[in-house]
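Summary of the model geometry
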Amino acid sequence: SEELEKFGIETVIEEDTITVKKGNPTFPTDILSSHNDHRIAMALSVIMSITGGTLNGAEAVFKSYPGYWEDIKKLGIEVIYE
């Protein structure tokens, strides 16, 4: 929810659910965080392929998919990994 809101996407968090409101993601003005979770990093990268942005903790994907960023580049998505 915290990271989606950086894209301007409204979320509603309840006891055991999260609702993501329909909207058009915008360029995040804050740096995004993977929260050291490979699933979050990969999900955010899909949105970032549309909006752009900066992601801290991108290396979290190496836990489950070491070639992820190289494969994303093969799709024509610009990735600058430092």
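Just so it is clear, the structure is predicted and the values come from calculations on it, not from any experiment. (Residues numbered from 1 in each chain as written. Predicted model: local features only at pLDDT ≥ 70, side-chain atom pairs only at ≥ 80, totals over all residues. Heavy atoms only, no water.)

With that settled, the discussion passes to unusual backbone geometry. Of note in the backbone geometry, His 35 takes a positive phi value of approximately 55° without being a glycine. Along the polypeptide, His 35 turns up in the loop between strand E3 (32-33) and helix H2 (38-51). Using a relative accessible area of 42% as the deciding quantity, one classes His 35 as partly exposed. Although it is not a glycine, Asn 36 sits at a positive phi angle of roughly 55°. Note that Asn 36 resides in the loop between E3 and H2. (Helix = DSSP H or I, 4+ residues; strand = E, 2+ residues; numbered from the N terminus. Buried < 20%, exposed > 50% of the residue type's maximum accessible area, 1.4 Å probe, protein only.)

So, on to H2. Over its 14 residues, H2 runs 20 Å from end to end, which matches the ideal 20 Å to within 8%, given 1.5 Å per residue. Of all the positions in H2, only Ala 41, Met 42, Leu 44, Ser 45, Met 48 and Thr 51 are classed as buried. Buried residues belonging to H2 abut helix H1 (2-6), E3, strand E4 (55-56) and helix H3 (68-74). Just downstream of H2, Gly 52 is the residue with a positive phi angle, here 85°. (Expected span 1.5 Å × (residues − 1). Contact = heavy atoms within 4.5 Å.)

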